Amino acid sequence: MFSVEVRDRIMIAHSLPDPFFGPAQKLHGATYLVDVTFFREQLTTQNVVVDIGAALDVLGKTLKPLAYQNLDALPQFGSQLTTTEFLCKYIFDRIAEAARTGALGADGKTLSRIRVTLSETDLARASYEGAIGG
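1. A few points about the packing of helix α1 (residues 52-63) against helix α2 (residues 84-100)
Now for step 1: At a closest axis distance of 10 Å, the pairing of α1 and α2 adopts a crossing angle of 135 degrees. What the angle tells us is that α1 and α2 run oblique. Between α1 and α2 the crossing geometry is right-handed. Contact with α1, carried on its side by Val 58, Leu 59, Thr 62 and Leu 63, involves Ile 91, Arg 94, Ile 95 and Ala 98 of α2 and no other residues of that element.
Now for step 2: Residues that form the contact of α1 with α2 fall into these classes: six nonpolar, one polar and one charged.

2. Brief notes about α2
Now for step 1: The end-to-end C-alpha distance of α2, which contains 17 residues, comes to 24 Å, matching closely the 24 Å that a straight helix rising 1.5 Å per residue would cover.
Now for step 2: Tucked into the core, α2 has its buried residues touching β2 (28-40), α1, β3 (113-119) and β4 (125-130).
Now for step 3: Directly beyond the C-terminal end of α2, a positive phi value near 95 degrees is found at Gly 102.

About the thresholds
Residues numbered from 1 in each chain as written. Predicted model: local features only at pLDDT ≥ 70, side-chain atom pairs only at ≥ 80, totals over all residues. Heavy atoms only, no water. Axes fitted to C-alpha atoms, helices over the stretch in contact; angles between N-to-C directions. Helix = DSSP H or I, 4+ residues; strand = E, 2+ residues; numbered from the N terminus. Parallel < 35°, antiparallel > 145°, perpendicular 65-115°, else oblique. Left-handed = near helix turned anticlockwise from the far one by under 90°. Contact = heavy atoms within 4.5 Å. Nonpolar A, V, L, I, M, F, W, Y, C, P; charged D, E, K, R; others polar. Expected span 1.5 Å × (residues − 1).

Put into structure tokens, the structure is as follows:
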């Protein structure tokens, strides 16, 4: 399986109002390193997995509405606990949709899988991986 990974960063604020989260129940900031890995079993006719420029563009456009925002105040999240794991799936869904609709180029529609990893620190990260569906 071939893969290509692109990276960006995002700074957000949020709270996790459940006793399970201890001090993180209060409003706090987080800076995530966001890695998106694209997988393909066979290379395209151009011998690539995905157009890296298009992948970076899609990732940037996906993160922009969240950047420097208090996630607690965004209507798309309602009362969801915006954990790192939850945000991985949220970002995955938007990147997968971009692949299905051609925003990653025609070959983006035939990717095997996508993995989204959010690193909170050099010691902790979470991921979501799945097929792009359709």
